[in-house]
Amino acid sequence: MLLELKNVTKDYPIKKFIFGQKGRVRAVDNVSLTLSSGENLSLVGESGCGKTTLARIILKLIPPTSGTICFGGRDLNPLSARQMNPFRRHMQMVFQDPYDSLDPRYTIRRTLKEALHLDQTLVKQTKAQEERIQHVLRSVKLPEMMLSRYPHELSGGERQRVAIARALMMNPKLVILDEAVSSLDVLIQRQIIDLLGDLQKTFHLTYLFISHNLKIARAVSHQIAVMYQGKIIEIAPTEELFRNPLHPYTQELLAAAVDYQAVESKQHPINPTGQLVDKGQGHLIFM
Amino acid sequence: MTKQTKSLSELDIAFQGFKKNRLAVGCAVLLGLLYLTAIFADFVSPYSYANEDRRYSYSPPTAIHVWREGRFTRPFVYGINSAFNDYHQRIYQEDQSQMFPISPFVKGDAYKFFGLIPCRIHLFGVAPEGRIYLWGADSRGRDLFSRIFYGGRVSLSIGIIGIFISFTIGLIVGGIAGYYGGRIDDILMRVCEMFMMVPGFYLLLALRAAVPDEFNSVQVYFAIVVILSFIGWAGLARIIRGMCLSLRERDYVLAAKSLGLSDGQIIARHILPHTLSYSIFAIMLSIPGYILGESALSLIGLGIQDPLASWGNLLADAMSIVHIKFYPWILLPALFIFLTVICFNVIGDALRDCLDPMLKSGKGA
Amino acid sequence: MSEPLLSLRDVTAEVDGVNESPSLIHRVSFDVTALKIVALVGGSGSGKTTTGLSILRLLPVALRITSGKILFHGEDLFALPGHRMRQIRGKDISMIFQEPLNALNPLLTIGQQINEVLICHMPLTAKQRRERVLELLNIVGMAEPQRVAQNYPHQLSGGMRQRAMIAQAIAANPQLMIADEPTSSLDVTLQAKIMDLFRELRRSLNLSILLITHDLGMVRHLADEVVVLQAGKIVEQGPVARVLESPRHQYTQQLISSVF
């Protein structure tokens, strides 16, 4: 088991004007998930459903309110920042907006080099570092001359390749792609998705793919989990989900993504005591 | 896609924009000259700042002659005779019997080059028997030309050192407050506001009063620098904090976090450098405040003490309208303050103009 | 066949002052017939946004139309004096943008911003304008027009902001709306709803739409005709069904195969 989430919950306090709390918002609500090596999982849901928060909790960028996150069998929660470092190199993230995720003052080489700082064996080995940079850059199909460029000289697709290269520098096991292709045009989306497929083979990666678009999620994932209001309301192998969406919200998402059909929007009530129920073939639905 | 051979960082692009602003480049050159003359004040000025000759109190600027007995000669000055008029004021007249050629690289008052190498050579001067007052003399017969350059040392350096101290404090406090937010932010910002609430000049006077009387001039100088930067850092910290608050939400900061960089590394590498564009022109626009602050203190006699010169205490002489009427050249230090402040402001404005598009988009695209 | 509402004839735009620069759009010609939804399709950098902006003469100063004509009701928009052009913008042709948060003024309420358009283009009294604002918000499917009119853009969700911008665009009953990537920043569920709204507006307001997008899936479900742009040149155009079923140009095929 590569990654295992158990009952992860994240509350955000709503602050009063001066002191104290008014209440809490539950961004992620009792989420349990497992990821096996090589089995890509997609988290799909509309903006504000808690999927990005969940990704950041996994990377320990924000602490969960409760629940455990195990990576390779180790519970990450009690680890200090320093103890976390060996795990960080195995879990990397690619962000949605390639215009925002690269430091505009850094050349591409410097951005990639910085990603190597966790690898103690490579410190001061300029030659080995350079080889690694070249290797990763070739893998994401960027020419070498990009290295001395600044982000503002690159197109959106090129920037996103750099962001992917940065995530790959440390040879991670898990790469979290947070809406990584949403801001690109279709041609580039397709190229990046194809690239992700190639990289998975060469680098032996597992993807956690976060998207609002079921159609794109379908192209990269073995399993899809649908999130709604902080909860996972349905999880199934990709083709099974497309064939047989059970939850009304999943059906709405499918209609919108595949047929561009708007379903009359309605609130989907969440049963407060509900649980994920197995419907066979690994298809779970929240009820 | 741009097909350029050399990649330009955002700062490079901004600098190219700056070079197109002729007025600002002119100001930068002028400012550079002022700083050079201040650094080499010992060499450039014919006399030391303390070299006085009471016989020549308020001597007017010395005329330089190049014409003698119908033909050109090398520049020279005549000796000076003085007499008293009915009001017991000195009247200076040229003594045409004495003639002192102006020569380059003459030996004069001893000084230490860069405070290290003992040296007596001055850029120009006349024989010791004569006196040359290019811009007139003060009440004790000291050369105003020399004293302005010596004064420039104090006045110009106080801005740089002061801004350095207050910027260091401001960047650190603002960076920490903005990056961590929450309670740390609240506490630090309340402290800043306490400083900002007190009117600057009163705070200046109050802090100056706390400096012991027995300080020598160098200690007083540093006390003033510290006092000035003490007042200046708070406003800056608040602005840096505001910028950090928004910068820390950027994805590349998150990316750096997920790479396992420590908070200190992230603040130093990915957050503070982005406040640089703002900082550069904020520095330019706030240096004049330090120069003026020092001048104000020295003007009312609380700053640099005689015989040490600063533009402020040179102007203290010019506080009486009678003196200005009879000896208008004692206002010259004001011109230098004015020029310096204008230069810094023009450069600051130009920098803001060429850095602004970057600041706005932040994406540089 | 009736006279087209809008027709572009050999429009070429270049970067101003740079000799021999590749033109951003090159000899672009197409028609928008009344009541049709025409899609302008291409990848990023294909010149589709430039084309949209040039119709309203809103190109950035560095860009310039060097040749060609843009005819609106047979009238050449480039020949019009500035004040006539301002009357056309918003009144006859309006535009909506990709990112409503950038296109709406954060300091004015939604109601005030729609009102502004009405003041410019409609001879209405203040009271009539207030009613019209609510009516417009109702048309674009806002649940609580009263409240939304008093909200600032940041108080609305992405989908509602996009609707508010559409309300502003249709305020003066335009004949043509240019929609530049109107749904790319939205969730799929909202995308589908905005597309529904477009169909509805065309029917109820007799609106023609020039839809600028890179998403052929959306084109298939919404548009009548499609114009495919590659690097500033039209590579293929025709009825949606024909172009998408049997694309002739390789770039069109590539675009189609990219759709997930």
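I will try to describe carefully the structure that is included in this document.

Parameters at a glance
- Residues numbered from 1 in each chain as written.
- Chains lettered and ligands numbered in written order.
- Predicted model: local features only at pLDDT ≥ 70, side-chain atom pairs only at ≥ 80, totals over all residues.
- Heavy atoms only, no water.
- Phe/Tyr/Trp six-rings, centres within 6.5 Å; stacked < 30°, edge-to-face > 60°.
- Helix = DSSP H or I, 4+ residues; strand = E, 2+ residues; numbered from the N terminus.
- Contact = heavy atoms within 4.5 Å.
- Pairing = 2+ DSSP bridges.
- Axes fitted to C-alpha atoms, helices over the stretch in contact; angles between N-to-C directions.
- Salt bridge = Lys/Arg side-chain N within 4 Å of Asp/Glu carboxyl O.
- Buried < 20%, exposed > 50% of the residue type's maximum accessible area, 1.4 Å probe, protein only.
- Buried area = accessible area lost by both parts, 1.4 Å probe.
- Polar contact = N/O pair within 3.5 Å; in protein donor to acceptor, adjacent residues only side chain to side chain.
- Nonpolar A, V, L, I, M, F, W, Y, C, P; charged D, E, K, R; others polar.
- Expected span 1.5 Å × (residues − 1).
- 1 Å grid on protein atoms, 1.4 Å probe; cavity = no way out; pocket = protein on both sides within 12 Å on 5 of 7 lines; lining within 4 Å.
- Points joined across faces, edges and corners; volume = space filled by probe spheres on them.

## Comments concerning the packing of aromatic side chains
Residues and elements named next belong to chain B.
Then comes step 1: If you walk through the whole model with that rule in mind, you get 20 aromatic pairs over all chains.
Then comes step 2: Here tryptophan 135 and phenylalanine 149 contribute two aromatic rings whose centre-to-centre distance is 6.2 Å and whose plane-to-plane angle is 50 degrees, an arrangement assigned as tilted. Taken together, the residues span a long stretch of sequence, with tryptophan 135 in the loop between β5 (117-125) and α4 (144-180) and phenylalanine 149 in helix α4 at a distance of 14 residues.
Then comes step 3: Here phenylalanine 145 and phenylalanine 149 contribute two aromatic rings whose centre-to-centre distance is 4.9 Å and whose plane-to-plane angle is 85 degrees, an arrangement assigned as edge-to-face. Residue phenylalanine 145 and its partner phenylalanine 149 are located together in helix α4, separated by four residues, close to a single helical turn.
Then comes step 4: In this structure an aromatic cluster arises from ring pairing among Phe124, Trp135, Phe145, Phe149, Trp311 and Phe336.

## A short note on the arrangement of the chains
Then comes step 1: In this assembly, two pairs of chains are in contact, and the pair with the greatest number of contacts comprises chains A and B.
Then comes step 2: Between chain B and chain C there is no contact; the minimum C-alpha to C-alpha separation amounts to 10 Å.

## Let's talk about the sheet that holds strand β2 (residues 71-84) of chain B
Residues and elements named next belong to chain B.
Then comes step 1: An order of β1-β2-β3 is seen for the three strands of this open sheet, with the pairing classed as antiparallel. With one partner strand each, in any of the chains shown, β1 (65-68) and β3 (90-101) form the two edges of the open sheet. Within this sheet the neighbouring strands show an average axis-to-axis angle of 55 degrees, counted without direction.
Then comes step 2: When β2 meets β3, the two strands line up antiparallel, connected through nine bridges.

## Some points on the pattern of salt bridges
Residue and element names in this part refer to chain A.
Then comes step 1: If you walk through the whole model with that rule in mind, you get 34 salt bridges over all chains.
Then comes step 2: Across the salt bridge formed by aspartate 29 and arginine 26, the nearest N and O atoms sit 3.8 Å from each other.
Then comes step 3: Residue class for aspartate 29 comes out buried when judged on its relative accessible area of 15%.
Then comes step 4: The partner of lysine 231 in a salt bridge is aspartate 29, with the nearest N and O atoms 3.0 Å apart. With lysine 231 in strand β10 (residues 231-237) and aspartate 29 in strand β2 (residues 21-35), this residue pair connects regions lying 202 residues apart in the sequence.
Then comes step 5: Through salt bridges with shared partners, a single ionic network connects Asp11, Arg24, Arg26, Asp29 and Lys231.

## Let's talk about the interface of chain A and chain C
Then comes step 1: If you look at the interface, chain A gives 26 residues, while chain C gives 24 residues.
Then comes step 2: Between chain A and chain C, a total of about 2100 Å² is buried, with carbon and sulfur atoms accounting for 62% of that surface.
Then comes step 3: Counting the surface chain A buries against chain C, the share from its top three residues, Val186, Leu187 and Tyr260 of chain A, is 35%.
Then comes step 4: The interface formed by chain A and chain C includes zero salt bridges.
Then comes step 5: Across the chain A-chain C interface, the total number found is six residue pairs in polar contact (both at pLDDT 80 or more).
Then comes step 6: Going through the elements one at a time, α6 (186-203), α7 (214-220) and α9 (248-259) of chain A are the ones with two or more residues in the side of chain A that touches chain C.
Then comes step 7: Per-class residue counts for the side of chain A that touches chain C are 14 nonpolar, six polar and six charged.

## Considerations on α9 of chain A
Every α-helix winds through 3.6 residues per turn, so residues three or four apart in the chain are directed the same way.
Then comes step 1: Along its twelve residues, α9 of chain A runs 16 Å from first to last C-alpha, staying within 8% of the 16 Å computed at 1.5 Å per residue.
Then comes step 2: Those residues of α9 of chain A that fall on the buried side of the exposure criterion are Tyr249, Thr250, Glu252, Leu253, Leu254, Ala255, Ala256 and Ala257 of chain A.
Then comes step 3: In this fold, the buried residues of α9 of chain A make contact with β3 (41-44), α7, β9 (223-228), β10 and α8 (238-243) of chain A together with α8 (188-205) of chain C.
Then comes step 4: Phi for tyrosine 260 of chain A, located one or two positions after α9 of chain A, is positive at around 55 degrees.

## Remarks on unusual backbone geometry
Then comes step 1: In the Ramachandran plot, asparagine 171 of chain A falls in the positive-phi region, its phi being about 55 degrees despite a non-glycine side chain.
Then comes step 2: A relative accessible area of 38% means that asparagine 171 of chain A is categorised as partly exposed.
Then comes step 3: Located in the positive-phi region is asparagine 206 of chain C, a residue other than glycine, with phi close to 55 degrees.
Then comes step 4: Here asparagine 206 of chain C is to be found in the loop between α8 and β8 (208-213).
Then comes step 5: Owing to a relative accessible area of 51%, asparagine 206 of chain C belongs among the exposed residues under this scheme.

## Digging into the interface of chain B and chain A
Then comes step 1: At the junction of the two partners, chain B supplies 30 residues and chain A supplies 30 residues.
Then comes step 2: Carbon and sulfur atoms supply 51% of the area that chain B and chain A bury against each other, a total of about 2800 Å² over both sides.
Then comes step 3: Here chain B and chain A share three salt bridges between them.
Then comes step 4: The shortest N-O distance in the salt bridge between glutamate 114 of chain A and arginine 269 of chain B comes to 3.0 Å.
Then comes step 5: For the pair chain B and chain A, the number of links is twelve residue pairs in polar contact (both at pLDDT 80 or more).
Then comes step 6: Elements with a minimum of two residues in the side of chain B that touches chain A: α1 (10-20), α8 (251-258) and α9 (263-271) of chain B.

## Observations regarding the layout of surface pockets
The method is simple in principle: a probe with the dimensions of a water molecule rolls over the atoms, and the space it marks as empty is what remains.
Then comes step 1: For the second largest pocket, the calculated volume is near 1400 Å³.
Then comes step 2: The wall of the second largest pocket is formed by 37 residues, among which Leu61 and Ile62 of chain A together with Tyr179, Lys257 and Asp263 of chain B lie closest to the centre.
Then comes step 3: Mapped by element, the contributors of at least two residues to the lining of the second largest pocket are β1 (3-15) and α2 (81-88) of chain A together with α4, α8 and α9 of chain B.
Then comes step 4: Looking at the lining of the second largest pocket element by element, the count peaks at six residues for α2 of chain A.
Then comes step 5: Considering only residue class, the lining of the second largest pocket consists of 15 nonpolar, nine polar and 13 charged.

## Let's talk about the sheet that holds strand β6 (residues 91-94) of chain A
Residues and elements named next belong to chain A.
Then comes step 1: If you trace the eight strands from one edge of the open sheet to the other, you get β6-β7-β8-β3-β9-β10-β12-β11, paired in mixed fashion. Each edge of the sheet is formed by a strand with only one pairing partner; in this case those strands are β6 and β11 (276-278). If you compare each strand with its neighbour and ignore which way they point, the axes differ by 20 degrees on average.
Then comes step 2: In this structure, β10 lies alongside strand β12 (residues 284-286), joined through two bridges in antiparallel fashion. The residue bridging glutamate 234 from the neighbouring strand is isoleucine 285, located in β12.
Then comes step 3: On top of the sheet, helix α5 (residues 156-168) reaches β6 and β7 (174-178); it is set at about 175 degrees to β6, its chief contact.
Then comes step 4: Across the sheet, α6 is in contact with β7 and β8 (206-211); its angle to β8 comes to roughly 160 degrees.

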